[in-house]
Amino acid sequence: MRKFFTLFLAALLVLSAVPTMAEEPITIGVVYKQTGNPFFQAAVSGFEEAAGELGFEFIHNGPADSSNEGQIQIIEGYIQQEVDAIAISANDAAGVVSVLQTAMDAGIKVVSWDSAVNPEGRNLNIDPSVAENIGRVLVEEIAAQIGGEGQIAILSAGATMDNQNTWIAYMQEELAKEEYAGIELVTIVYGDDLTDKSYQEMQGLIDSYPDLKGVVSPTTVGIAAAATCIQDNGLTGQIKLTGLGLPSEMAEYITAGVCEGMYLWNPIDLGYCAAYACVALVDGEIEGAIGETFEAGRLGAIEIRDDGNGNPFSVVGDPYRFTAENIDEWKDVY
Ligand code: RAM
């Protein structure tokens, strides 16, 4: 009887061990535009938060030089490591399609977030905010700052980055309206989301356009570099500045009056939401089809919508305006 009992216990132990062995945690490979950008560090903390709630593992990396080639190499590494999902903010919307198709053929789910991959290279795209709104508020902001008249320029990130390109297209649409007839967009320059290059491009604008009244930089790297450059040139208040900035990087320039107002959404929430989307896809809760919904923890249910061209995408939140009045509340958050 005792022997039987021991055998019974042993069998129970083996049986209870089986599901634990079968349940390997999901692994997500996160790719961002570049290392050293606090925007992506904040997004990674969103992945961390979601990992604590869902129990997945993740690795994260980006090229130091914001290159497409660098991202391809990282993705190839993730395919070899047999990750379950890849979550990417792309430097080149078309440039990573082929390698991501290889990933999807190997059964890996692909979510683009922040900066989209072309539809044929991903299962789902997560936008931080409605792109059209971003374009509109940035034009409204610069128009108000320069008093509705004069030359403006755009200091963007990389020329192949889908998020900035989409926002700029909407800005141009907005600028074409009658109410902005007094504003001339003189040029768009690209700092590639590298601080030094962005600073040089801003210096180039100052040197080439002596009548420049304002700059819109829809990138956290660009706006911070532009602010430093404007201040270094002693042009605070003469060249107005707005765009998308991180409160932690821009607080001193907002307080100093270099930038009277700028926008951003919560990058932590963006990473958090992308993580939940990856897990929902890997678990088979969603396929990434229009009309589906996934639960994203403290953000609640997120809908998968039509981007207007029949491609599925989701939106996380609204752009928030930062000024001297509220920047102190946010500068230690992200
Ligand atoms: C930079 C990156 C990122 C963008 C933000 C606003 O950090 O270009 O992709 O979303 O700015």
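Let me sum up the structure you'll find in this document. For clarity, every value in this text was computed on a predicted model and none was experimentally measured. (Residues numbered from 1 in each chain as written. Predicted model: local features only at pLDDT ≥ 70, side-chain atom pairs only at ≥ 80, totals over all residues. Heavy atoms only, no water.)

### Observations regarding the overall build of the protein chain
Filter applied, for reference: Strands are runs of DSSP state E lasting at least 2 residues, helices are runs of H or I lasting at least 4, and numbering of each runs from the N terminus. Contacts: residue pairs with any heavy atoms within 4.5 Å of one another. Asp and Glu are treated as the negative residues and Lys and Arg as the positive ones, with His and the ends of the chain left uncounted. Every charge is mapped to an atom, namely NZ of Lys, CZ of Arg, CG of Asp or CD of Glu.
Looking only at helices and strands, the protein chain has 11 helices and 15 strands in total. A principal-axis box enclosing the C-alpha atoms of the protein chain has dimensions of 95 × 40 × 35 Å. Residue pairs at least 24 apart in sequence account for 69% of intrachain contacts in the protein chain once pairs closer than 6 positions are excluded. Computed over 14 positive and 50 negative side-chain charges, the separation of the two mean positions in the protein chain equals 5 Å.

### Some words on the sheet that holds strand β7 (residues 183-190)
Under the convention used in this document: Strands were regarded as paired on the criterion that DSSP finds at least two bridges between them. For helices, the fitted axis covers only the stretch in contact; all axes are lines through C-alpha atoms, and the angles between them, taken along N-to-C directions, range from 0 to 180 degrees.
Pairing is parallel across the open sheet formed by 4 strands, whose spatial order is β7-β6-β8-β9. Each edge of the open sheet is held by one strand with a lone partner, namely β7 and β9 (240-243). The average undirected angle you get between the axes of adjacent strands in this sheet is 25 degrees. Sheet analysis places strand β6 (residues 150-156) next to β7, joined by 7 bridges and oriented parallel. Each bridged residue has a counterpart across the sheet, and for Ile152 the counterpart in β7 is Leu185. Seen against the sheet, helix α6 (residues 162-175) touches β6, β7 and β8 (212-217) and runs at an angle of roughly 170 degrees to β7. This element, helix α7 (residues 195-208), spans β6, β7 and β8 of the sheet and lies at about 145 degrees to β7.

### Some remarks on the pattern of salt bridges
Short version of the rule: Salt bridge, as applied in this entry: a Lys or Arg side-chain nitrogen positioned within 4 Å of an Asp or Glu carboxyl oxygen. A simple rule labels every residue: compare its accessible area, found with a 1.4 Å probe on the protein chains alone, to the largest value its type can have, and call it buried under 20%, exposed over 50%, or partly exposed in between.
Under the criterion given, the structure shown has 9 salt bridges. Notably, a salt bridge pairs Arg136 with Glu132, separated by 3.8 Å at the nearest N-O pair. Of this pair, Arg136 and Glu132 both sit in helix α5 (residues 131-146), 4 residues apart, roughly one helical turn. For Lys177, the salt bridge identified is with Glu174, shortest N-O distance 3.0 Å. Overall, Lys177 belongs to the partly exposed group, its relative accessible area being 36%. Note on Glu174: relative accessible area 7%, which makes it buried. Within this structure, Glu49, Asp269 and Arg298 form a network of salt bridges that share partners.

### Focus: empty space enclosed by the protein
Selection rule: As defined here, a cavity is a set of points on a 1 Å grid over the protein atoms alone where a 1.4 Å probe fits but cannot get out. A pocket is an open set with protein on both sides within 12 Å along at least five of seven lines, and residues line them when an atom is within 4 Å of a point. Grid points are joined across faces, edges and corners, and a volume is the space filled by probe spheres set on the points.
This model, assessed by the stated rule, comprises 1 cavity of 30 Å³ or more. Estimated volume of the largest cavity: approximately 100 Å³. The wall of the largest cavity is formed by 15 residues, among which Phe39, Asp114, Gln164, Thr219 and Thr220 lie closest to the centre. For the lining of the largest cavity, the secondary structure elements donating two or more residues are α2 (38-54) and α6. No other element matches the 3 residues that α6 contributes to the lining of the largest cavity.

### Notes on helix α9 (residues 247-255)
Residues spaced three or four apart along an α-helix point in a common direction, a consequence of the helix completing one turn every 3.6 residues. Regarding α9, the residues found buried are Pro247, Met250, Ala251, Tyr253 and Ile254. Buried residues along α9 sit against α8 (220-232), β9, β10 (262-264), β15 (320-322) and α11 (327-330).

### A look at the layout of surface pockets
As a reminder of what qualifies: Each residue gets one label: Ala, Val, Leu, Ile, Met, Phe, Trp, Tyr, Cys and Pro are nonpolar, Asp, Glu, Lys and Arg are charged, and the others, such as Gly, are polar.
Volume-wise, the largest pocket comes out at about 520 Å³. In this structure, the largest pocket is lined by 26 residues; those nearest its centre are Asp127, Ala131, Thr166, Asp307 and Phe313. Those elements giving two or more residues to the lining of the largest pocket turn out to be β5 (124-127), α5, α6, β13 (305-306) and β14 (312-315). The leading source of residues in the lining of the largest pocket is α6, at 6 residues. Residues that form the lining of the largest pocket fall into these classes: 11 nonpolar, 7 polar and 8 charged. Taken as a whole, the second largest pocket encloses approximately 170 Å³ of empty space. As for the second largest pocket, its lining consists of 15 residues, of which Gly36, Asn37, Asp193, Thr195 and Val221 are closest to the centre. When residues of the lining of the second largest pocket are assigned to their parent elements, the largest contribution, 5 residues, is made by α8. Class assignment for the residues of the lining of the second largest pocket results in 6 nonpolar, 7 polar and 2 charged.

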